2 protein chains.
Amino acid sequence: MITIGPEQIASLPLLRESVGAIRDAYISVTDGRAQLPPVGYLGFPDRNADCHVKFGYIQGDPIFVVKMSSGFYDNPKRGLPSNNGIMIAVSAETGEVVAILDDRGLLTEVRTAVGGAIATLALARPDAEVVGVVGAGTQARAQIRALAAIAGKVFEFVVWGRNGKAASELARNLLAEGVVVGVTADLETLCGRADIIITTTPSAQALVLSEWVGAGTHITAVGADAPGKQELAVSLVARAGRLVADLVEQSVNHGEFSHAHASLQIEVGRIADLGSVLAGAVEGRSSAEEITIADLTGLAVQDIAIARVALHQLGVC
Amino acid sequence: MITIGPEQIASLPLLRESVGAIRDAYISVTDGRAQLPPVGYLGFPDRNADCHVKFGYIQGDPIFVVKMSSGFYDNPKRGLPSNNGIMIAVSAETGEVVAILDDRGLLTEVRTAVGGAIATLALARPDAEVVGVVGAGTQARAQIRALAAIAGKVFEFVVWGRNGKAASELARNLLAEGVVVGVTADLETLCGRADIIITTTPSAQALVLSEWVGAGTHITAVGADAPGKQELAVSLVARAGRLVADLVEQSVNHGEFSHAHASLQIEVGRIADLGSVLAGAVEGRSSAEEITIADLTGLAVQDIAIARVALHQLGVC
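Residues numbered from 1 in each chain as written. Chains lettered and ligands numbered in written order. Predicted model: local features only at pLDDT ≥ 70, side-chain atom pairs only at ≥ 80, totals over all residues. Heavy atoms only, no water.

Here we look at helix α3 (residues 19–30) of chain A
Residue and element names in this part refer to chain A.
Turning to step 1, where the next piece is worked out: Between its first and last C-alpha, α3 extends 18 Å over 12 residues, near the 16 Å set by a 1.5 Å rise per residue.
Turning to step 2, where the next piece is worked out: Among all positions in α3, only Val-19, Ala-21, Ile-22, Ala-25, Tyr-26, Ile-27 and Ser-28 are buried.
Turning to step 3, where the next piece is worked out: Phi turns positive one or two residues past the end of α3, at Gly-32, with a value near 90°. (Helix = DSSP H or I, 4+ residues; strand = E, 2+ residues; numbered from the N terminus. Expected span 1.5 Å × (residues − 1). Buried < 20%, exposed > 50% of the residue type's maximum accessible area, 1.4 Å probe, protein only.)

Focus on empty space enclosed by the protein
Residues and elements named next belong to chain B.
Turning to step 1, where the next piece is worked out: On inspection of all chains with the given rule, the structure shows one cavity of 30 Å³ or more.
Turning to step 2, where the next piece is worked out: Put simply, the largest cavity is a space of about 30 Å³.
Turning to step 3, where the next piece is worked out: Around the largest cavity, the lining residues are Leu-36, Pro-37, Val-39, Lys-54, Phe-55, Gln-250, Leu-299 and Ala-300.
Turning to step 4, where the next piece is worked out: Split into classes, the residues belonging to the lining of the largest cavity amount to six nonpolar, one polar and one charged. (1 Å grid on protein atoms, 1.4 Å probe; cavity = no way out; pocket = protein on both sides within 12 Å on 5 of 7 lines; lining within 4 Å. Points joined across faces, edges and corners; volume = space filled by probe spheres on them. Nonpolar A, V, L, I, M, F, W, Y, C, P; charged D, E, K, R; others polar.)

Describing the relation of the copies chain B and chain A
Turning to step 1, where the next piece is worked out: It takes a turn of 180° to lay chain B on chain A, together with a shift of 0.0 Å along the axis; the resulting RMSD is 0.0 Å. In short, the pair behaves as if placed about a two-fold rotation axis. Scanning chain B for the C-alpha nearest the rotation axis identifies Gly-40 of chain B, at a separation of 3.8 Å. (Least-squares fit on C-alpha atoms with pLDDT ≥ 70 in both.)

Overview of the packing of helix α4 (residues 106–123) of chain B against helix α12 (residues 300–313) of chain B
All names here are of chain B.
Turning to step 1, where the next piece is worked out: In contact at an axis separation of 9 Å, α4 and α12 are set at 110° when each is read in the N-to-C sense. The orientation of α4 with respect to α12, classified from their angle, is roughly perpendicular. Note on packing geometry: the crossing formed by α4 with α12 is right-handed. Of α12, the residues touching α4 (which contributes Leu-107, Thr-108, Val-110, Arg-111, Thr-112 and Gly-115) are Gln-302, Asp-303, Ile-306 and Ala-310. (Axes fitted to C-alpha atoms, helices over the stretch in contact; angles between N-to-C directions. Parallel < 35°, antiparallel > 145°, perpendicular 65-115°, else oblique. Left-handed = near helix turned anticlockwise from the far one by under 90°. Contact = heavy atoms within 4.5 Å.)

Overview of the interface of chain B and chain A
Turning to step 1, where the next piece is worked out: Counting from both sides, the interface comprises 36 residues of chain B and, opposite them, 36 residues of chain A.
Turning to step 2, where the next piece is worked out: Both faces considered, chain B and chain A share a buried interface measuring about 3200 Å² in area, 65% of it formed by carbon and sulfur atoms.
Turning to step 3, where the next piece is worked out: Our count for the contact surface shared by chain B and chain A stands at four salt bridges.
Turning to step 4, where the next piece is worked out: The interface formed by chain B and chain A contains 14 residue pairs in polar contact (both at pLDDT 80 or more).
Turning to step 5, where the next piece is worked out: Only β3 (40–44), β4 (49–58), β5 (63–72), β6 (83–91) and β7 (97–101) of chain B provide two or more residues apiece to the side of chain B that touches chain A.
Turning to step 6, where the next piece is worked out: A per-class count over the side of chain B that touches chain A returns 20 nonpolar, 11 polar and five charged. (Buried area = accessible area lost by both parts, 1.4 Å probe. Salt bridge = Lys/Arg side-chain N within 4 Å of Asp/Glu carboxyl O. Polar contact = N/O pair within 3.5 Å; in protein donor to acceptor, adjacent residues only side chain to side chain.)

Quick word on helix α5 (residues 138–150) of chain A
Residues and elements named next belong to chain A.
Turning to step 1, where the next piece is worked out: For α5, built from 13 residues, the straight-helix expectation of 18 Å at 1.5 Å per residue is met to within 8% by its first-to-last C-alpha distance of 18 Å.
Turning to step 2, where the next piece is worked out: Along α5, the residues classified as buried are Gln-139, Ala-140, Ala-142, Gln-143, Ile-144, Ala-146, Leu-147, Ala-149 and Ile-150.
Turning to step 3, where the next piece is worked out: Within two residues after α5, Gly-152 carries a phi angle of roughly 75°, on the positive side.

Let's talk about the sheet that holds strand β8 (residues 130–134) of chain B
All names here are of chain B.
Turning to step 1, where the next piece is worked out: Taking strand neighbours across the sheet as the criterion, the eight strands line up as β10-β9-β8-β11-β12-β15-β13-β14 in an open arrangement whose pairing is parallel. Edge positions in the sheet fall to β10 (181–184) and β14 (271–273), since each has one partner strand and no second. Across the sheet, the mean angle separating the axes of adjacent strands is 20° when strand polarity is ignored.
Turning to step 2, where the next piece is worked out: As paired elements, strand β13 (residues 242–245) and strand β15 (residues 292–295) share four bridges and run parallel to each other. Within the sheet, the bridge partner assigned to Arg-242 lies in β15 and is Thr-292. (Pairing = 2+ DSSP bridges.)

As for the sheet that holds strand β10 (residues 181–184) of chain A
Residue and element names in this part refer to chain A.
Turning to step 1, where the next piece is worked out: Here eight strands make up an open sheet; going across it, the order is β10-β9-β8-β11-β12-β15-β13-β14 and the pairing parallel. The open sheet has two free edges, formed respectively by β10 and β14 (271–273), since each of these has just one partner strand. The average undirected angle you get between the axes of adjacent strands in this sheet is 20°.
Turning to step 2, where the next piece is worked out: In the sheet, strand β9 (residues 156–160) pairs with β10 via four bridges, with the strands oriented parallel. The residue of β10 that forms the bridge with Val-159 is Val-183.
Turning to step 3, where the next piece is worked out: Of the strands in this sheet, β9 and β10 touch helix α6 (residues 164–176), which is tilted by about 170° from β10.

The following block contains the structure:
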C-alpha cells in the first residue's frame, strides 16, 4: 500500500487524459458493467456539515474505489477549506489496498469538471460560442479549465458570482493559465447571451429563471447534489426538450431534477442517462432550438476512472 | 493525516481497554446517539469475493470512521490472507482525515471478538464453565483471547474444527499465551457439555443442531454475516427463550437469524437489541434453564469505538 499526497496528485496531467476513462465510466453504468451501490450519507446538522461515501466497481477494472468526501461548511470561518476527501483504491484481484489517494478532494474536483465538460460537449449546439458560468468558486474554475482543455475550440467564457470579487479573482487566475474569462454582475443578461450555461453553486433556491433562457441553450447543472439544493427554476426544467442525468435515480432523489419531479412537472421517463447518450443508444439534442439540461450529481465510477488514470500516470497500476 | 501500520496496531493493548468503548457503542445504537447507515456491499461472484463498506457516527465523538473490508476467499491458494481491511478516521469537527488505520483487518478481528465476549458475558449463566468454540480459524482464536482477557474468571475452553490440525495449532498457540484450550473432533458431545457455545465459521449450513444443545446454554454466533451463511439449526433458534442481535435488521437480513425469520419460525419482535440488554432496558437471560442466542453481524459503531481507543493509545486524539 502506498499513500499519494495532494501535491503529487496536483502535478498530474489529469484533465485531458481522463476524458476517455470518465466517458467510459458513464457508459458502464448503462451497459451493465458497473456495480454502483447507493451513496452513503452521514449528516452533522449541528455543525452545518455532511459526509458522503461513494464506492463502486466497473467489471474488468484492476481496482475498485471507496471514497469519503466531507463538506464542513463552517470551516472557512476557521481558515480551513470546506471540502475534504480521500480515495482508497483496492485491488479487484486480491482485495488488498493498493493506494491511498490523499487528494483532499482534488480528484473529485477534476472528475466532476471533466464529467461536466463531457456532458456539455455532448449536448450543446455545435455552433455554441458563449459559455455562461454561474458561480465563481472552485468548481466554476474547474469546469472552465476542463471545457477549455478538451473542447477542441475556443469558447467565450463569462462568469457571474454572487461575490463580484471572487469572480474577478477567478478570471485573473484563469488568465494566468491562458484562459480568457469575462465577468458580469448581471445574471439575467448573461443567461440571455449564453449558448451554454454551467451552474456550479450550492444554492438552495433557483438562480436561473426560465424567461432568461433562450431557445437552443444547453445547461449543465453540477451544483445541486444534496436534498434542498437548487439552481434552476422548475419551469425551466419542465420546459426543456431533453433532460439528461448521470444517474436518473440520484437526480430525482437529491439532484437538480428532484424539484421538478417532486412537484410533478416532469416524469422520470423523460430523463435519459448520460451514458446512453454518449453510447449513441439514446438521442441527445434533437434540434438547434431545443433546450437541453444535464444534471450531474456525481458517480463512484467517475472516482474509479480518475483514480485509475492517476495510478497509471504514477506507475502504480 | 497520519498512517498507522499493522505492526503498530498489533502492539496496542486493545482487548481490555476497548471493552467500555464497545459496550457503549452497542448502547449508542439503541439510545439514539448513533448514525448507522446501511452497510455498503460490492460482490465479485466470479472471484469468490466480496467487499463491505461500513461507516457511522456516534454523537459527541471526536471522530467518525469509514471502513473497507474485503474477503477474497481464493487468496489462500496464492498464499495471501483472505481478509483485508482499512479504516479511515475522520474529524467530526472539520471533516479532515485524521488517520489511516492500515490494520489489514486486525481492528475488525479485535472489535468482533470483544463484542462477542461482551454479549457472551451478558447472556451466559453466571455459573457457566465450559466454553465450546465451533471453528478453529482467526476469529475462534480472537473470541477465546477476548473472553479469557475480560471474563474475570477462568473458563474451560474446548475447540472443534473441521480441520483437526488447525484446532491443535490454535490450542498450541493459545497455550503459549497462557490460555489452556482443549481440542475435540466430536461436535455433538462438545455442544452437550458446553455452557457457552461460540460459533465462528463461514459455514453455509447449520453445524449446531437443536438436539445437541442442553437447557441453559448460551450461544454467541459471529460467523454468519452475509446471505447464505448459517451455523445454527433453525429449530435451535426457534427453541431459544431469548434472541439478541447487535442490530435486528442486519440479523434478519443477512445474519444467523435470517433463516429462522425467512422460514417464519421467529418474528422480528422476539429479537432484542444487544444495546438494550447492556443498558438494562430489556431483560437478558430470564432463568438458568433458558437458551439464549446472540447473533452478531458487526456494526460500524464498533469500528469507531476501537479506532478511537487505538488513536487514543497512540496519542493521536
